[in-house]
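Breakdown of the fold
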Amino acid sequence: MVSKKFRARGIAATVAVLALGLAACSSDGGDSGDKTPDAGGGDKGGTIKVGFSQLGAESGWRTANTESVKASLTAENGIDLTFSDAQQKQENQIKALRDFIDQGVDVIAFSPVVETGWDEVLQEIKDAEIPVVLVDRTVDTTVADPYVTWIGADFKQEGITAGEWVKANHPDAKIFEMQGTLGSGAQVDREAGFDEVVGAENIVGKASGNFTRAEGKAAMEAALQAYPDMNLLFAHNDDMGLGAIEAIEAAGKVPGKDIIIVTVDGVRDGLQALVDKKFNYVVECNPVFGDQILDAIKKVHAGEELPKETIVVDEAFDQTITQADVDARAY
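Cut-offs used in this document
- Residues numbered from 1 in each chain as written.
- Predicted model: local features only at pLDDT ≥ 70, side-chain atom pairs only at ≥ 80, totals over all residues.
- Heavy atoms only, no water.
- Salt bridge = Lys/Arg side-chain N within 4 Å of Asp/Glu carboxyl O.
- Helix = DSSP H or I, 4+ residues; strand = E, 2+ residues; numbered from the N terminus.
- pLDDT = per-residue confidence, 0-100.
- Contact = heavy atoms within 4.5 Å.
- Axes fitted to C-alpha atoms, helices over the stretch in contact; angles between N-to-C directions.
- Left-handed = near helix turned anticlockwise from the far one by under 90°.
- Nonpolar A, V, L, I, M, F, W, Y, C, P; charged D, E, K, R; others polar.
- Buried < 20%, exposed > 50% of the residue type's maximum accessible area, 1.4 Å probe, protein only.

A few words now on the pattern of salt bridges. Under the definition given, this model contains 17 salt bridges. In this structure, Arg-98 and Glu-120 form a salt bridge, with 3.4 Å as the shortest nitrogen-oxygen distance. Taken together, the positions of Arg-98 in helix 2 (residues 90–103) and Glu-120 in helix 3 (residues 119–127) put the pair 22 residues apart, joining distant regions of the chain. Where Glu-158 meets Arg-190, a salt bridge forms, and the shortest distance between an N and an O atom there is 2.8 Å. With Glu-158 in helix 4 (residues 155–169) and Arg-190 in helix 5 (residues 185–198), this pair connects stretches of sequence that are 32 residues apart. Residues joined in a network through salt bridges with shared partners are Glu-58, Arg-62, Asp-136 and Arg-137.

Shown next as structure tokens:
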């Protein structure tokens, strides 16, 4: 294949649908190096040695994703897992990936903090002939064929879905857009999809809340001062939106009424805010696809052909959602 700049995006060549209607998409702890119990090593009994680097624990979504990964990549399922939490720092992930090379793992899987800056370590992995399964977020790299397959959500479509609801229901809204971690695939694509639909002229301001509740609150506090005519918030994840609710209420305004709130993720707390009429619309991003990651790892290890992209299909929710729906949520 010709070496060229390759950017993986959630637009799809192949779509794989999770068969869970309301089943569960945005991390804690240090670089834990957690391992499953030793099931005999990578060359015994068919056990596959896997190194998984999670980007962090910035949100309820990420926690649910980590739980799904760990529940699937078990010794009982033939996996000898080394798990590393990068605490949202790319340098921690790069170190973990190099450690996986040194350990001689059979397969590397990781969810990158940001899209760029991976060229050197991805080339090292490729030189070591270790296949890569990319999870959730995407990479922008000059390395040819940097991974075998990618599994995740269509972030741009999530932004488009949010934008279409805003355009249909609040076409004249003055919008503040709260971005996720700048440079991450989720931030880049959700922004692109949303802005494409609503138009730049309707967005009064933007700032990053880094996908966290605390930073979302701080960003909203600043936005309320900077953009007094703002009446709609689009937050790139639920946690930032939940932080924004605190700032809105502290300012004497009513979330969901004075300021319409649209978010992405669909974690239980986010959907509870929808039931409580503090959020107005939530686009799901499903984190519970550890079973698909397991399946991909086994097929990669066996040398089977895989689609370049597998997209986890999402739903969307408005204020017609019920408490029973929230209580039945898997995360």
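The next point concerns the confidence of the model for the protein chain. The share of residues in the protein chain with pLDDT of 70 or more is 86%, and the mean pLDDT across the chain is 88. Note that residues 1–33 has pLDDT below 50 and, in this model, 113 contacts with residues that lie over four places away or in other chains. Below pLDDT 50 for its whole length, residues 35–45 participates in 18 contacts with residues either more than four positions away or in separate chains.

One can describe the packing of helix 4 onto helix 5 by two numbers: an axis separation of 7 Å at closest approach and a directional angle of 35°. Between helix 4 and helix 5 the crossing geometry is right-handed. Contact residues: helix 4 offers Phe-155, Lys-156, Glu-158, Gly-159, Ile-160, Ala-162, Gly-163, Glu-164, Val-166 and Lys-167, while helix 5 offers Gly-185, Ala-186, Asp-189, Arg-190, Gly-193, Phe-194, Glu-196, Val-197 and Val-198. When the residues that make up the contact of helix 4 with helix 5 are grouped by side-chain class, the tally is 8 nonpolar, 4 polar and 7 charged.

It is worth spelling out the environment of Val-312 at this point. Among the structural elements, Val-312 can be located in the loop between strand 14 (309–311) and strand 15 (316–318). The exposure class assigned to Val-312 is buried, which follows from its relative accessible area of 1%. Between the C-alpha atoms of Val-312 and Pro-287, which are 25 residues apart in sequence, the distance is 8.7 Å.

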